[in-house]
Amino acid sequence: MEVLQKVIIVDRFSKSKTSSHSNSVRKIHAKLTQSIHSMKINAIATANSKVLRYVGVVDIKEPEKSCVKLLEYEESHPFASLKGSDNIISFVTKRFPNGVIVRGAGAGAAVTAFGIFSDILKIHDMVSYSV
């Protein structure tokens, strides 16, 4: 699940202790995989004129709160209007307590694969030099 991968990457780059809660990340993934097959949840949301979206949360101050959730949104909410590989990020900071939303097209499979390969090479270099 792409949103889960993004949460893990942002969490790691923020110097959080992702490895300390990797078991909870696995549990989150298992839950999401089960819930995606539940047509009942989607039917209920649709009946209420809402849409379902996976939302990743990264809490830099409290990394154990980092998670991925399946949430319902009104059709007018910015998250509800995402299509295909679109991405949307909301930053909540001390200066922007109501959040700042950044939205754009996803990079696509080839660019994502290159980014993952680049990350693997960086990890290899870090591990190689720390031995």
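What this report covers is the structure whose coordinates are included nearby.

Reading the values: the criteria
- Numbering of residues starts from 1 in every chain and runs along the sequence as written.
- Only residues with pLDDT of 70 or above have their local features reported here, since the model is predicted, and side-chain atom pairs are shown and tallied only from 80 upward, although totals for entire chains, interfaces and linings are computed over all residues.
- Just so you know, side-chain values use all the structure's heavy atoms and leave hydrogens and water out.
- The patch calculation keeps residues exceeding 30% relative accessible area without a salt bridge and links them within 9 Å when they carry like charges or within 5 Å when they are nonpolar (Val, Leu, Ile, Met, Phe, Trp, Tyr).
- To be clear on the numbers: accessible area is Shrake-Rupley with a 1.4 Å probe, and residue cover counts the displayed protein chains and nothing else.
- Here a salt bridge means any side-chain nitrogen of Lys or Arg lying within 4 Å of a carboxyl oxygen belonging to Asp or Glu.
- Labels follow the DSSP assignment, with helices taken as runs of H or I lasting at least four residues and strands as runs of E lasting at least two, numbered in each case from the N terminus.
- With a 1.4 Å probe rolled over the protein chains alone, any residue whose accessible area is under 20% of its type maximum counts as buried; one over 50% counts as exposed, and the rest are partly exposed.
- We define the nonpolar core as a collection of buried residues of types Ala, Val, Leu, Ile, Met, Phe, Trp, Tyr and Cys that are connected through side-chain atoms lying within 4.5 Å of one another.
- Whether two residues are in contact is decided by their heavy atoms: any pair within 4.5 Å suffices.

Moving on to a nonpolar patch on the surface. A contiguous nonpolar patch, built from Ile89, Phe91, Phe96, Val100 and Val102 and spanning about 430 Å² of accessible area, is present on the exposed surface. Put simply, the parts of the chain that give the nonpolar patch at least two residues each are strand S3 (87–91) and strand S4 (100–104). Tracing the sequence through the fold places isoleucine 89 in strand S3. The partly exposed category is assigned to isoleucine 89, whose relative accessible area is 44%.

This part covers unusual backbone geometry. One non-glycine residue with positive phi stands out, namely serine 49, at about 55°. Of note, serine 49 is situated in the loop between helix H3 (39–47) and strand S1 (50–57).

Turning next to the nonpolar core. Across soluble globular proteins, nonpolar side chains have a tendency to be buried as a group. Core analysis: the biggest nonpolar cluster contains seven residues, these being Val51, Val55, Tyr73, Phe79, Ala80, Leu82 and Ile88. Leave out the neighbours within four places in its chain, and phenylalanine 79 touches Arg53, Val55, Tyr73, Ile88 and Ser90.

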